[in-house]
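# Summary of structural features
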Amino acid sequence: MVSREHKRAALYEKLQLLRSITNSHALNQTSIIVDASKYIEELKQKVEKLNQDIANATSSHDQNQLPVQVTVETLEKGFLINVFSEKSCPGLLVSVLEAFEELGLNVLEARVSCAESFRLQAVGGENEEEGEGIDAHAVKQAVAVAIKSWSESTEQE
């Protein structure tokens with residue numbers, strides 16, 4: 001008899017816990033279990049939607065992400081431009097230098113490595129004949145556009 005009462009009390013306690021977890025307002029056992037079942041289905045749908053969102057975000061991130069990192073710092077007279085990729089990037093140097101030329105930047109000093117990885121560290125000064133002031137953001141944007149164009153042209157080949 002005590003055992004049956006003990007089991008009944010334990011079952012009641014577990015049902016009340018289930019009821020509170022699932023935010024059920026049901027009073028009888030069957031309704032609590034039905035509400036819990038609906039709650040589990042809702043959670044499954046949320047998990048599925050989150051997995052789809054993650055998959056979509058990952059695939060769009062992979063498509064938009066270029067394998068090249070660019071930083072531009074403003075110096076007293078010009079900019080320090082760093083471009084780095086873990087992979088060798090044949091033709092990228094030409095694209096970046098063409099972007100500098102379009103901006104009117106003169107390369108004052110540069111270090112380049114194109115062997116197993118691509119690394120460019122350049123100090124660029126504004127062409128004083130142009131007269132237009134450019135900022136670090138414009139330089140970074142121009143380099144990013146050059147990298148994107150280079151990337152698209154290498155994908156087509």
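For the structure, see preceding data.
Note that the structure is a prediction, hence the values are computed from the model and not measured. (Residues numbered from 1 in each chain as written. Predicted model: local features only at pLDDT ≥ 70, side-chain atom pairs only at ≥ 80, totals over all residues. Heavy atoms only, no water.)

What follows deals with the pattern of salt bridges. Taken as a whole and judged by the stated rule, the model has two salt bridges. Across the salt bridge formed by glutamate 41 and lysine 44, the nearest N and O atoms sit 3.7 Å from each other. With glutamate 41 and lysine 44 both in helix 2 (residues 29–64) and three residues apart, this pair spans about one turn of that helix. With a shortest N-O distance of 3.8 Å, arginine 111 and glutamate 109 are connected by a salt bridge. Classification of arginine 111 by relative accessible area gives exposed; the value is 52%. (Salt bridge = Lys/Arg side-chain N within 4 Å of Asp/Glu carboxyl O. Helix = DSSP H or I, 4+ residues; strand = E, 2+ residues; numbered from the N terminus. Buried < 20%, exposed > 50% of the residue type's maximum accessible area, 1.4 Å probe, protein only.)

In this section: the pairing of strand 4 (residues 118–126). Two elements, strand 2 (residues 78–85) and strand 4, share seven bridges in a ladder whose sense is antiparallel. Bridge assignment links valine 83 to a residue of strand 4, and that residue is leucine 120. In this sheet, strand 4 lies alongside strand 3 (residues 105–113) in antiparallel orientation, the contact comprising eight bridges. When the bridges of strand 4 are listed, asparagine 106 appears paired with glycine 125. Hairpin remark: strand 3 followed by strand 4, antiparallel, with four residues in the connecting loop. (Pairing = 2+ DSSP bridges.)

Moving on, we come to the side chain of serine 85. Within the element layout of this structure, serine 85 appears in strand 2. Take serine 85: its relative accessible area is 1%, and that puts it in the buried class. Looking at serine 85, its side chain comes within polar contact range of the main-chain nitrogen of lysine 87, at 3.2 Å. (Polar contact = N/O pair within 3.5 Å; in protein donor to acceptor, adjacent residues only side chain to side chain.)

The next subject is the state of the cysteines. In this structure the tally under the stated criterion is zero disulfides. The thiol of cysteine 89 is not disulfide-bonded; the next cysteine sulfur, from cysteine 114, is found 8.4 Å away. For cysteine 114, a relative accessible area of 39% gives the class partly exposed. (Disulfide = S-S within 2.5 Å.)

All right, on to the sheet that holds strand 1 (residues 68–75) then. Sheets are built from strands that pair by backbone hydrogen bonding, the pairs being arranged parallel or antiparallel. An order of 1-2-4-3 is seen for the four strands of this open sheet, with the pairing classed as antiparallel. Both outer strands of the open sheet, strand 1 and strand 3, are each paired with one neighbouring strand and no more. Between one strand axis and the next, the sheet turns by 15° as a mean value, whatever way the strands run. With eight bridges joining them, strand 1 and strand 2 adopt antiparallel strand pairing. Bridge pairing in strand 2 places threonine 71 opposite asparagine 82. Sheet strands touched by helix 3 (residues 92–103): strand 1, strand 2, strand 3 and strand 4. Its angle to strand 3, the strand with the most contacts, is close to 165°. (Axes fitted to C-alpha atoms, helices over the stretch in contact; angles between N-to-C directions. Contact = heavy atoms within 4.5 Å.)

Turning next to unusual backbone geometry. Positioned with a positive phi, asparagine 23 is a non-glycine residue whose angle comes to about 55°. Topologically, asparagine 23 is positioned in the loop between helix 1 (2–21) and helix 2.

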